[in-house]
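Structural description and commentary
Here's the letter readout for the chains.
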Amino acid sequence: MPITKGFKTLVEEAMSQITTHSVDEARRRAEAGKATLIDIRDIRELEQGGRVPGAFHAPRGMLEFWVDPDSPYHKPIFANENTEFILFCGAGWRSALATKTLQDMGMTNVAHIEGGFGAWKESGAPIEKNH
């Protein structure tokens, strides 16, 4: 069966419907207490590349289950309506799709970081290295 809509198209469609923040804007919002950074990368990516200080790790594969209060896997952090959840992955593709999915679930306080962790690291923003 041929793929009729590839990942690039899906990401482009998501990007046209979601809020995207630069690394600087995401940092400002988080430091001001207006946002919670959500790292959706795989645990191996965190172990290899380091972590964003203070970011909550919610692996992409569990995100919908952790967000939904009706799920047995729900995480209370996602019940906070007084914060903007800013997602990021390695390059911004998965987080764009995940942000769109959370919007489809009804969340309005969700965005993502343009360029993901790669852009974060490149900007010189702080990173916690694993020991």
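Residues numbered from 1 in each chain as written. Predicted model: local features only at pLDDT ≥ 70, side-chain atom pairs only at ≥ 80, totals over all residues. Heavy atoms only, no water.

A few points about the environment of threonine 20
Formally: Going along the chain from the N terminus, every DSSP run of H or I of four or more residues is numbered as a helix, and every run of E of two or more is numbered as a strand. Burial status follows relative accessibility: with a 1.4 Å probe on protein chains alone, a residue under 20% of its type maximum counts as buried, one over 50% as exposed, and anything between as partly exposed. Pairs of N or O atoms are called polar contacts if they sit within 3.5 Å, as long as, within protein, a hydrogen donor faces a hydrogen acceptor (for residues adjacent in sequence, only side-chain-to-side-chain pairs).
With respect to the secondary-structure elements, threonine 20 resides in strand E1 (residues 20-21). Classification of threonine 20 as partly exposed rests on a relative accessible area of 30%. In sequence terms threonine 20 and isoleucine 113 are 93 residues apart; their C-alpha atoms lie 5.7 Å from each other. A distance of 3.3 Å separates a polar atom in the side chain of threonine 20 from a polar atom in the side chain of histidine 112.

A short note on the packing of aromatic side chains
The condition is simple: Centres within 6.5 Å are what make two rings of Phe, Tyr or Trp a pair, Trp counting through its six-membered ring; a difference in plane orientation under 30 degrees is then read as stacked, over 60 as edge-to-face, and the rest as tilted.
The tally for this structure, following the rule as stated, stands at five aromatic pairs. An angle of 45 degrees between the planes, with centres 5.1 Å apart, marks the rings of phenylalanine 7 and tryptophan 93 as tilted. On the criterion of sequence distance, the pair formed by phenylalanine 7 in helix H1 (residues 7-15) and tryptophan 93 in helix H5 (residues 93-104) is long-range, its members being 86 residues apart. Judged by its relative accessible area of 51%, tryptophan 93 is exposed. Between phenylalanine 78 and phenylalanine 85, the ring centres sit 5.3 Å apart and the planes meet at 45 degrees, which makes this aromatic pair tilted.

A look at H5
As a reminder of what qualifies: A helix's residues, less one, multiplied by 1.5 Å, set its expected span.
Look at H5: 17 Å from first C-alpha to last across twelve residues, which is about the 16 Å you get at 1.5 Å a residue. Buried residues of H5: Ser95, Ala96, Ala98, Thr99, Lys100 and Leu102, and no others. Trailing H5 by a residue or two, glycine 106 shows a phi angle of about 115 degrees, which is positive.

Considerations on the UniProt feature "domain: Rhodanese" (unreviewed entry) in the chain
This is how the line gets drawn: UniProt positions are given in the numbering used here, feature names are shortened, and annotations may be inferred rather than shown by experiment.
Mapped onto this numbering, the UniProt entry annotates "domain: Rhodanese" (unreviewed entry) at residues 31-129. Between the C-alpha atoms that bound residues 31-129 there is a distance of 20 Å. The span itself is 32% helix and 16% strand.

Here's the deal with the nonpolar core
What counts, and what does not: For the purposes of this section, nonpolar cores are sets of buried Ala, Val, Leu, Ile, Met, Phe, Trp, Tyr and Cys residues that join through side-chain atoms within 4.5 Å. When checking whether two residues touch, look at their non-hydrogen atoms; a contact exists if any pair is within 4.5 Å.
Counting residues in each nonpolar core, the largest one holds 14 residues, and the members touching the most others are Ile38, Ile40, Leu63, Phe78, Leu87 and Leu102. Residue assignment for this core shows that the elements contributing at least two residues are helix H4 (63-67), strand E4 (84-88) and H5. Aside from chain neighbours lying at most four places away, what touches leucine 102 is Leu63, Val67, Leu87, Met107 and Val110. Formed by eleven residues, the second largest nonpolar core is a distinct cluster that contains Val23, Leu37, Ile86 and Ala125.

Structural notes on the sheet that holds strand E2 (residues 35-39)
Keep this limit in mind: For two strands to count as paired, DSSP must find a minimum of two bridges between them. Convention adopted: a line fitted to C-alpha atoms gives each axis, helices being fitted over their contacting stretch, and angles between N-to-C directions are expressed from 0 to 180 degrees.
Strands sit in the order E1-E5-E4-E2-E3 across an open sheet of five strands; the sheet is parallel. Since the sheet does not close on itself, it has two edges, and those belong to E1 and strand E3 (56-57), each with one partner. In this structure, E4 lies alongside strand E5 (residues 110-113), joined through three bridges in parallel fashion. Paired with phenylalanine 85 across the strands is valine 110, a residue of E5. Strand contacts of H5: E4 and E5, with the helix running at about 175 degrees to E5, the strand carrying the most contacts.

A closer look at the pattern of salt bridges
Selection criterion: Think of a salt bridge as a Lys or Arg side-chain nitrogen and an Asp or Glu carboxyl oxygen that are within 4 Å of each other.
Taken as a whole, this structure holds ten salt bridges when the rule is applied. Salt-bridge contacts for glutamate 25 lead to arginine 29; the nearest nitrogen and oxygen are separated by 3.9 Å. Residue glutamate 25 and its partner arginine 29 are both found in helix H2 (residues 23-31); the two are separated by four residues, about one turn of the helix. For arginine 29, a relative accessible area of 23% corresponds to the partly exposed category. With a closest N to O distance of 3.7 Å, arginine 27 and glutamate 31 form a salt bridge. Here the residue arginine 27 and the residue glutamate 31 both occupy positions in helix H2, the gap between them amounting to four residues, near one helical turn. Judged by relative accessible area, which is 24%, arginine 27 ranks as partly exposed. Salt bridges here are not isolated pairs; linked through shared partners, they connect Glu25, Arg28, Arg29 and Glu84.

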